[in-house]
Amino acid sequence: MSDAEADAAGAAALERVRAGGKRALAQALARCEARPDDPAQAAMLDAAWRAAKGHAIGLTGPPGVGKSTLTDALIRQFRAKGARVAVIAVDPSSRRTGGALLGDRTRLTTDPADAGVFVRSMAARAALGGLATTAWPALVLMRALFDIVIVETVGVGQSETEIADVADTVVFCAQPGAGDALQYMKAGIIEIPHLAVVTKADMGAPAQRAAADLRGALSLAAGDGGAGEGGAAIPVLTCSAGTGEGIEALAEALLERMAKLGDLNDSRARQATIWLRRALIEGFGSEGFARLSDCLDPVESRHSPFLLAQRVWRRGVVALSVGFTPQ
Ligand SMILES: Nc1nc2c(ncn2[C@@H]2O[C@H](COP(=O)(O)OP(=O)(O)OP(=O)(O)O)[C@@H](O)[C@H]2O)c(=O)[nH]1
Ligand SMILES: [Mg+2]
């Protein structure tokens, strides 16, 4: 198949997913996970990659801070404003019990009949490269079909920094009395978010204290007065998904940022490069990646990162079979 034929087949496959609604999307995601080496899936993902329209919001923070409850509340806000919303709930495999489904842990109360909301749970499989390699292809497909994709990920640790590699906006959630999170932030373990939120504001004074601590920690971590992008202080909001207070303001702040960010082509290209690199290192080690990296044509990586990944992957496998030792 020529490149042009692959592009056309990919675009047609994407249109079928679009027309088929949530059921078709769930099936397409399952196929991509099951057959990462299938060129037809890669062509479809490349078409989705080129059709990117949605904004990806990463919601991160320690276990139990209220990320899922907040996601549920945000979905309502965004839906009320007419945006179509998809969610990737990343469930750390270590916390899965006997393969139990995420089910009630997602805490999402959305109407299953609403075609404008789609939720996908995913195991992080940290040992296999973590969030970026597993969630990014799904995110690429979802953002071609939805206006907003929320990625909920637990963690202080690897997924914490990886979220910055897949999301356009990173929101760090902390709860009242969350001393640990603040310590991590001061120590620079937590990546500087674009926005920080203290959840469970219905707890009153402790929430306000946590917000003040968070402002302090962010300014220490940033080392230059809490400066985020463009030198502005990183906003710290408080909200309660329980009472609804502050949720609309958070949604507004996020929408405002999306409007301001404008063209995301460069940061998306960066996401693709990082994903390719991670996937290849996962398969062939860093030595192997170094040997394969000259196959990573930047033009192709901007046009069809998924087909390129398969091509380079096959070269790595062939090299392995003839005695090339990537590590
Ligand atoms: N008081 C209060 N409790 C809340 C609020 N939001 C969530 N909770 C509670 O906090 C607990 C954890 O909420 P989740 O939304 O599951 O938190 P999470 O961060 O998604 O948790 P993990 O995904 O397990 O890391 C639950 O018992 C919620 O009922 C809130 O606004 N106020
Ligand atoms: Mg959760």
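Source: prediction; values computed, not measured. (Residues numbered from 1 in each chain as written. Chains lettered and ligands numbered in written order. Predicted model: local features only at pLDDT ≥ 70, side-chain atom pairs only at ≥ 80, totals over all residues. Heavy atoms only, no water.)

It is worth spelling out the environment of Val170 at this point. Following the sequence through the fold, Val170 ends up in strand β5 (residues 169-174). Owing to a relative accessible area of 7%, Val170 belongs among the buried residues under this scheme. Here the alpha-carbon distance between Val170 and Leu59, two residues 111 residues apart in the chain, equals 6.2 Å. (Helix = DSSP H or I, 4+ residues; strand = E, 2+ residues; numbered from the N terminus. Buried < 20%, exposed > 50% of the residue type's maximum accessible area, 1.4 Å probe, protein only.)

Interhelical geometry of helix α2 (residues 39-50) versus helix α11 (residues 305-321) gives an angle of 145° and a closest axis separation of 7 Å. Between α2 and α11, the contacting residues are Pro39, Ala42, Ala43, Leu45, Asp46 and Trp49 on the first element and Pro305, Phe306, Leu307 and Gln310 on the second. The residue inventory of the contact of α2 with α11, partitioned by class, reads 8 nonpolar, 1 polar and 1 charged. (Axes fitted to C-alpha atoms, helices over the stretch in contact; angles between N-to-C directions. Contact = heavy atoms within 4.5 Å. Nonpolar A, V, L, I, M, F, W, Y, C, P; charged D, E, K, R; others polar.)

Working note: a packed helix pair is described by the angle between its axes plus the distance between those axes. Axis separation between helix α9 (residues 265-292) and α11 bottoms out at 11 Å; the angle between their running directions is 10°. With respect to each other, α9 and α11 are oriented roughly parallel. Together, Ala272, Trp275, Leu276, Ala279, Leu280, Gly283, Phe284 and Leu292 of α9 and Pro305, Phe306, Leu308, Ala309, Val312, Trp313, Arg315, Gly316, Val317 and Leu320 of α11 make up the contact between the two elements. Split into classes, the residues belonging to the contact of α9 with α11 amount to 15 nonpolar, 2 polar and 1 charged. (Parallel < 35°, antiparallel > 145°, perpendicular 65-115°, else oblique.)

Here we take up the sheet that holds β5. With respect to topology, 7 strands assemble into an open sheet ordered β3-β2-β4-β1-β5-β6-β7, the strand pairing being parallel. Looking at strand neighbours, the two that pair on one side only are β3 (117-123) and β7 (236-238), the edges of this open sheet. Strand-to-strand twist across the sheet, computed as the mean angle between neighbouring axes with direction ignored, equals 20°. (Pairing = 2+ DSSP bridges.)

The next thing to look at is the packing of aromatic side chains. The full count for this structure, using the stated rule, is 6 aromatic pairs. Between the aromatic rings of Trp136 and Phe306, the centroid separation amounts to 5.4 Å while the plane-to-plane angle is 20°, which identifies the pairing as stacked. You can see Trp136 sitting in helix α4 (residues 130-145) and its partner Phe306 sitting in helix α11, a full 170 residues away along the chain. A single burial state applies to Trp136 and to Phe306, both of which are buried. Seen from the ring of Phe146, Arg84 lies directly overhead, with NZ or CZ sitting 4.6 Å from the centre. (Phe/Tyr/Trp six-rings, centres within 6.5 Å; stacked < 30°, edge-to-face > 60°. Lys NZ or Arg CZ within 6 Å of the ring centre and 35° of its normal.)

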